[in-house]
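A structural walkthrough
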Amino acid sequence: MSFDHSIRSGQRLLRCGYTTGTCAALAAQGAAKLLLTGHAPCSLTLCTPKGWDVTVRPDLCCMQGESAVCSVLKDAGDDADVTHGLPILATVTKTDLPGVQIDGGAGVGRVTKPGLDQPVGAAAINHVPRQMIAQQVQDVCRENGYTGGISVIISVEGGEAAARRTFNPQLGVEGGLSLLGTSGIVEPMSEQAIVDTIALEIRQHAAASKKLILTPGNYGMDFLHAQGWDARGIPVVKCSNFLGDALDCAAVEGIRELLLVGHIGKLVKVAGGIMNTHSRYADCRTELFCAHAALCGAGTEVCRSLMAAATADACLEILEKANYREAVLQSLLEAVQRHLGHRMGENCRVGAVLFSNQFGLLGMTQPAKEILEQWQKKRKTEPYME
């Protein structure tokens, strides 16, 4: 069954796909139906968190002893994804434990470093896929009047080999792939199409305002909303990983005041002059934390711990325990400001704000403070107009 959702990329239509988490939830649904009804379903359907329905035919659905096994093939659409075509299997068994117990089997990685979505030792199945899997199994149990416990083991055929072509080993996920996704859908798009879209949006806003907020993605949008900064009448543009291109577009369009708001995991790279923050181009987060910690006087033990950390939040935890967090963040912010100022030139006042999902607002550069204060004063004295 084809998944017939597409997005436009320039003059092309690119077919969307669905995530490993969606496949795992569908497979769990199929296995649960076989286990509780004795009949293998011909098709499986669920509604993803994005609100799109996905319907598939099981690649495999059979009993293995007391367990039911169902497999769904991953379809990444036109996205370049190492998991495309891999079978995602769910093995479902009745248990004496209450509720739905979810774990990973062969081909699913295990978390070995703190700071990731799941704790150390757990299967690398992120919380949204876990919720999707549990929901599908609970629905099947309710439909069939079953009130006992269920065990779900998710495995990926070829997952261990495919994981070697991802960043899982560096992040501290060993032995297989991670089951990811927050929307349940894979939306492919060419890089040039993204840059063109960003440029067009900045151009449209610049026609009415010479003030602009840039943020990489949804985390930044959520943070702006939580702070109330998105209600100040300043246009907001999501720039994805293409920070340098977005800054260049803003300069070309004559933006005079620009605030960059982003998660520390992305914007720490700007402290090293990296303007495309995708991990395939550069992933030097721990190196930058380590270098600035050393500049602030941190010893070898702290620096080694930073280099071994899996995430930016894990680095912040290490710095907090060693009483270096504020000093290192200030050092990083100064470096970020230097690179932003160099990129934008003298005709635009630019500042940066860093946050993390775990620690909230981490800090901002001095120009960012001045920009926000000025915008707030103008907001209080008159309706925003340019």
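What counts, and at which threshold
Residues numbered from 1 in each chain as written. Predicted model: local features only at pLDDT ≥ 70, side-chain atom pairs only at ≥ 80, totals over all residues. Heavy atoms only, no water. Helix = DSSP H or I, 4+ residues; strand = E, 2+ residues; numbered from the N terminus. Rg over C-alpha atoms; globule rule 2.2 N^0.38 Å. Buried < 20%, exposed > 50% of the residue type's maximum accessible area, 1.4 Å probe, protein only. Contact = heavy atoms within 4.5 Å. Areas by Shrake-Rupley, 256 points an atom, 1.4 Å probe, with all protein chains shown as cover. Lys, Arg positive; Asp, Glu negative; His and termini not counted. Charge placed at Lys NZ, Arg CZ, Asp CG, Glu CD. Phe/Tyr/Trp six-rings, centres within 6.5 Å; stacked < 30°, edge-to-face > 60°. Lys NZ or Arg CZ within 6 Å of the ring centre and 35° of its normal. Core = buried A, V, L, I, M, F, W, Y, C linked by side-chain atoms within 4.5 Å. Pairing = 2+ DSSP bridges. Axes fitted to C-alpha atoms, helices over the stretch in contact; angles between N-to-C directions.

To continue, consider the overall build of the protein. When its secondary structure is counted, the protein shows 13 helices and 20 strands. Radius of gyration (C-alpha) of the protein: 24 Å, near the 21 Å computed for a compact globule of 386 residues. Each of the three principal axes of the protein carries a C-alpha extent, and together these read 70 × 50 × 35 Å. Counting only residues that meet the buried cut, the protein has 51% of its 386 residues in that class. Once local pairs closer than 6 in sequence are excluded, the contacts in the protein between residues at least 24 apart make up 66%. By element, 50% of the accessible surface of the protein is carried by carbon and sulfur atoms, the whole surface being about 17900 Å². Of the side-chain charges in the protein, 35 are positive and 39 negative, and the distance between the mean point of each set is 4 Å.

A word on the packing of aromatic side chains. On inspection of all chains with the given rule, the structure shows 2 aromatic pairs. Look at Phe 223 and Trp 229: their rings are 5.7 Å apart centre to centre, the planes differ by 85 degrees, and that puts the pair in the edge-to-face class. For the pair Phe 223 and Trp 229, one class covers both residues: buried. Centre to centre, the rings of Phe 223 and Phe 355 are 4.3 Å apart; their planes meet at 5 degrees, and the pair counts as stacked. A residue pair is termed long-range when its members are at least 10 positions apart, and Phe 223 in helix α6 (residues 218–227) and Phe 355 in strand β19 (residues 349–356) qualify at 132 residues. Residue Phe 223 shares its accessibility class with Phe 355, and that shared class is buried. Chaining the aromatic ring pairs together yields one cluster made of Phe 223, Trp 229 and Phe 355. Between Lys 50 and the ring centre of Trp 52, over which it is positioned, the NZ or CZ distance is 4.9 Å.

Our next topic: the nonpolar core. Counting 55 residues, the largest nonpolar core has Leu 214, Leu 258, Ile 264 and Phe 289 as its most contacted members. It is helix α12 (residues 325–344) that provides the largest number of residues to this core, a total of 8 residues. If we skip the residues at most four places from it in the chain, Phe 289 touches Ile 264, Val 268, Leu 306, Ala 312, Cys 315, Leu 316, Leu 319, Val 328 and Leu 332. With 49 residues, the next largest nonpolar core counts Val 56, Ile 88, Ile 150 and Ile 154 among its residues.

Within the chain, Ser 240 stands out as a residue other than glycine whose phi angle is a positive 55 degrees. With respect to the helices and strands, Ser 240 occurs in the loop between β17 (236–238) and α7 (243–252). With a phi angle near 60 degrees, Asn 323 is a residue other than glycine that sits in the positive phi range. By the element assignment, Asn 323 lies in the loop between α11 (312–321) and α12.

Next up on the list: the sheet that holds strand β8 (residues 87–95). The mixed open sheet is built from 5 strands, whose spatial order is β6-β7-β8-β12-β9. A single partner strand is all that each edge strand has here, and the edge strands are β6 (60–64) and β9 (100–104). Here the strands of the sheet are splayed against their neighbours by 20 degrees on average, with no regard to which way each runs. Across 8 bridges, β8 lies against strand β12 (residues 149–156) in antiparallel orientation. Bridged to Thr 91 within β12 is Ile 153. This element, helix α1 (residues 20–37), spans β6, β7 (67–73), β8 and β12 of the sheet and lies at about 40 degrees to β8.

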